[in-house]
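Residue-level listing of the chains:
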Amino acid sequence: MVKICGIGAGYVGGPTMAVIALKCPSIEVAVVDISHSRISAWNSDQLPIYEPGLEEVVKECRGKNLLFSTDVEKHVSEAEIVFLSVNTPTKARGLGAGKAADLTYWESAARMIADVSQSNKIIVEKSTVPVRTAEAIEKILAHNSKGINYQILSNPEFLSEGTAIQDLLNPDRVLIGGKESPEGQKAIQALKDIYAQWVQEDKIITTNLWSAELSKLADNAFLAQRISSINAMSALCEATGAEVSQVSLALSKNTKIGSKFLNASVGFGGSCFQKDILNLVYICEGNGLSEVANYWKQVINVNDYQKNRFVKRVISSMFNTVSGKKIAVLGFAFKKDTSDTRKTPAIDVCKGLLGDEARLSIYDPRVTEDQIQRDLSTNNVEWDHPIHLHPLNPTMVKQVSIVRDAYEATKDAHGICILTEWDEFKTLDYQKIYDDMQKPAFIFDGRNILNVGKLREIGFIVYSIGKPLDSWLKPEGHAYSGVMDIIP
Ligand SMILES: NC(=O)c1ccc[n+]([C@@H]2O[C@H](COP(=O)([O-])OP(=O)(O)OC[C@H]3O[C@@H](n4cnc5c(N)ncnc54)[C@H](O)[C@@H]3O)[C@@H](O)[C@H]2O)c1
Ligand SMILES: O=c1ccn([C@@H]2O[C@H](COP(=O)(O)OP(=O)(O)O[C@H]3O[C@H](CO)[C@@H](O)[C@H](O)[C@H]3O)[C@@H](O)[C@H]2O)c(=O)[nH]1
């Protein structure tokens, strides 16, 4: 039986390797991680991450051709192909801090591979890495090769959280970058053979290493750029009386533009977009391309502007202060159908409201109390490191209570902020919620999921991103005096 090993049992490594095991019963798949808690969760009924369909895939394969282990060295040494899916967060300190990718986890995995290998291996970069990282890993491996031949491939992952299993089972494309040498081509073919078990051949694209590495950064930059573009339009809609969902609809019918990633929101979140764009900016700067760097940096600036704008809107609408007022926060995950909170806009919005001394009552159907408290008490640069590497016992944020349902969160509240588009928020009994709130009762819909007309009929004062303003709310230019930016 062919043995493969996935290093890193996170959001990418876990689901990706599980789907390979499902689709390739003749391959033995070991998923390894340095985190004991993560591995024991993968071996339990409570998987460490929530993804629709994941549990079924894991249950189908675990104990047959899929195993999870902390014995990293054993499984790496036995494998013919090693997939690297370790985290590559933004560097927090030193050269390139705040922009460059932190390759500490990546490098330590590469050194470990060099130490324990006794046979030829194909090393597959699944993590998102700066362009030319394959060169660095090759240097580490070559320095300690003991005559072993390593072929490095770049095979970036394009899954989205919340739809990871669907995306893995039915990808738009699989991208494999490798060397043009005969050995490189042979390695590409070996990886192609795995994907070909369930992906149509014409969807498997092969390129050189650097194109594959850069394509992943470009992909995320283009997606995030669309969201910042529509979010920028949402501000203009509010100023002019246009409605952003109507503008999106009109744009989406242009086949040259297409319909996806045109939902205006409180801002994009997730572990990838900001980190990968910052990395791209850093690489551009390093290559002397300051205009290109500034172009992409603007995508993040608009995202920060959108989050700031939202907080200022809440505070200015509520008589320029939320001090001591109860604000219900519905949704904390960075998008629906995931428990992931990395870089969720909810963190910045909540911190902004806390900065004005609001009392927050937060409800999210999937995110734990402990996670929310950690996120609100941890400083920004540590967010995208894995949870189990965060400091223990963070200081609890006192003005925050985390509750078990939306009705409890909104009871006696002065205002509601919708920060994640969970389906259940669309069907709440808003009449009951209104009756139980302080008056005037405000709703700030950061995801445009609610029926504004119906809410106004009930009596709410409503703000919905990019929609015509309630007569109560002032146009933007006049609304924000005296309220500081939450994200400098
Ligand atoms: N999350 C996504 O949706 C997504 C999608 C596509 C690509 N990516 C990229 O994939 C990579 C992984 O992302 P993730 O979200 O799965 O991260 P994650 O933090 O969920 O998982 C990474 C895991 O790697 C483990 N790890 C770190 N160093 C290790 C080592 N030396 N040996 C063994 N295990 C080690 C960590 O303990 C952690 O469990 C990143 O580069 C990310 O940019 C993520
Ligand atoms: O029209 C939209 C679409 C998304 N979002 C927000 O953008 C963020 C990212 O969403 P999404 O891209 O769906 O989720 P991710 O799991 O972060 O997936 C992105 O990041 C992954 C990691 O690199 C890539 O693999 C995927 O292709 C890429 O879509 C979330 O906060 C969404 O709410 C919007 O505000 N408006």
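For the structure, see preceding data.
Starting afresh in each chain, residues are numbered from 1 along the sequence in its written order. For this description, chains carry letters from A and ligands carry numbers from 1, given in the order in which they are written. Given that the model is predicted, a residue must reach a pLDDT of at least 70 before its local features are reported, and side-chain atom pairs must reach 80 or more before they are shown or counted; all residues, however, enter totals for whole chains, interfaces and linings. To obtain the side-chain values, all non-hydrogen atoms of the structure were used and water was disregarded.

## Considerations on the site of ligand 2
Next up, step 1: Around ligand 2, the structure places 20 residues, and the nearest of them are L159, E161, S265, C272 and R447.
Next up, step 2: Whenever a nitrogen or oxygen atom comes within 3.5 Å of another N or O atom, the pair is scored as a polar contact, on the condition that within protein one atom can donate a hydrogen and the other can accept it, and that pairs from neighbouring residues in sequence are kept only if both atoms are in side chains. Here E157 contributes a backbone N or O atom positioned 3.5 Å from an oxygen atom of ligand 2.
Next up, step 3: With respect to ligand 2, the side chain of K216 contributes an N or O atom lying 2.9 Å from an oxygen atom.
Next up, step 4: For ligand 2, the protein covers 91% of the area, taking 700 Å² as the surface of the free molecule.
Next up, step 5: Considering each element in turn, the shell around ligand 2 owes the most residues, four residues, to helix α9 (residues 209–240).
Next up, step 6: Partitioned by chemical class, the residues of the shell around ligand 2 number 10 nonpolar, five polar and five charged. Whether a residue is near a molecule or strand depends on its heavy atoms: if one lies within 4 Å, it is near. Each accessible area value is a Shrake-Rupley result obtained with a 1.4 Å probe; residue values ignore everything except the protein chains displayed when judging cover. Only DSSP runs of H or I covering at least 4 residues are called helices, and only runs of E covering at least 2 are called strands; the numbering of each starts at the N terminus. For this scheme, ten residues count as nonpolar: Ala, Val, Leu, Ile, Met, Phe, Trp, Tyr, Cys and Pro. Four count as charged, namely Asp, Glu, Lys and Arg, and the remainder, Gly too, count as polar.

## Here's the deal with the packing of α9 against helix α12 (residues 290–317)
Next up, step 1: A fitted line through C-alpha atoms serves as each axis, taken over the contacting stretch for helices, and the angle formed by two N-to-C directions is quoted from 0 to 180°. Closest axis-to-axis distance for the α9/α12 pair is 9 Å, and the angle between their directions is 45°. As judged from the angle between their axes, α9 and α12 are oblique. Seen from above, α9 lies across α12 with left-handed handedness. When α9 is examined against α12, the residues A221, F222, A224, Q225, S228, N231, A232, S234, A235 and E238 are found in contact with a partner set consisting of Y295, W296, V299, V302, N303, Y305, Q306, R309 and R313. In this scheme, roughly parallel covers angles under 35 degrees and roughly antiparallel covers those over 145, while 65 to 115 is roughly perpendicular and the rest are oblique. Each crossing is labelled by how the near helix is turned from the far one, with a counterclockwise turn of less than a right angle marking it left-handed and a clockwise turn marking it right-handed. We call two residues in contact whenever any of their non-hydrogen atoms come within 4.5 Å of each other.

## A short note on the pattern of salt bridges
Next up, step 1: What makes a salt bridge here is a side-chain nitrogen of Lys or Arg within 4 Å of a carboxyl oxygen of Asp or Glu, nothing more. As enumerated under the stated definition, the model contains 24 salt bridges in all.
Next up, step 2: One network of salt bridges, in which partners are shared, links K3, E28, K74 and E78.

## Considering the environment of S37
Next up, step 1: Summarising the element assignment, S37 is placed in helix α2 (residues 36–42).
Next up, step 2: As for S37 and P48, which are separated by 11 residues in sequence, their C-alpha atoms are 8.6 Å apart.
Next up, step 3: There is a polar contact of 3.3 Å between the side chain of S37 and the side chain of S35.

## What to know about helix α6 (residues 133–143)
Next up, step 1: Three or more residues of α6 are buried, namely T133, A134, I137, I140 and L141. Around the axis of α6, the buried residues are gathered within 125° of arc, so they sit on the same side. Turned more than 90 degrees away from the buried face of α6 sit K139, A142 and H143, all of them exposed.
Next up, step 2: The secondary structure elements touched by the buried residues of α6 are β4 (81–84), α5 (104–116), β5 (121–125), β6 (150–154) and α9. We call a residue buried when its accessible area falls under 20% of the maximum for its residue type, exposed when it is over 50%, and partly exposed in between, using a 1.4 Å probe and counting protein chains only. Each direction from the helix axis to a C-beta atom contributes to the arc, which is the arc of those directions.

## Some words on the site of ligand 1
Next up, step 1: Around ligand 1 sit 27 residues, and of these D33, R38, T88, E161 and K275 come closest.
Next up, step 2: In this structure, an oxygen atom belonging to ligand 1 sits 3.4 Å away from a side-chain N or O atom of N87.
Next up, step 3: With respect to ligand 1, the side chain of K275 contributes an N or O atom lying 2.6 Å from an oxygen atom.
Next up, step 4: In isolation ligand 1 exposes 830 Å². Once the protein is present, 97% of that is buried.
Next up, step 5: It is α5 that contributes the most residues to the shell around ligand 1, three residues altogether.
Next up, step 6: Grouping the amino acids of the shell around ligand 1 by side-chain chemistry returns 10 nonpolar, 10 polar and seven charged.
Next up, step 7: Domain start and end points were adopted from an automatic or database domain assignment. Taken domain by domain, the makeup of the shell around ligand 1 includes at least three residues from each of domain 1 (2–207) and domain 2 (222–479).

## Considering the sheet that holds strand β12 (residues 415–418)
Sheet strands pair via backbone hydrogen bonds, and the direction of the pair is either parallel or antiparallel.
Next up, step 1: With parallel pairing, six strands are arranged side by side in an open sheet as β11-β10-β9-β12-β13-β14. Of all the strands in the sheet, just β11 (400–402) and β14 (461–464) have a single pairing partner and so form its edges. On average, each strand axis in the sheet is tilted by 15° relative to the strand beside it, whichever way the strands run.
Next up, step 2: The sheet contacts of α12 involve β12, β13 (442–445) and β14, and relative to β13 the element is tilted by about 170°.
Next up, step 3: Along the sheet face, helix α14 (residues 369–377) touches β10 (359–363) and β11 and points at about 155° away from the line of β11. At least two bridges found by DSSP between two strands is the condition for calling them paired.

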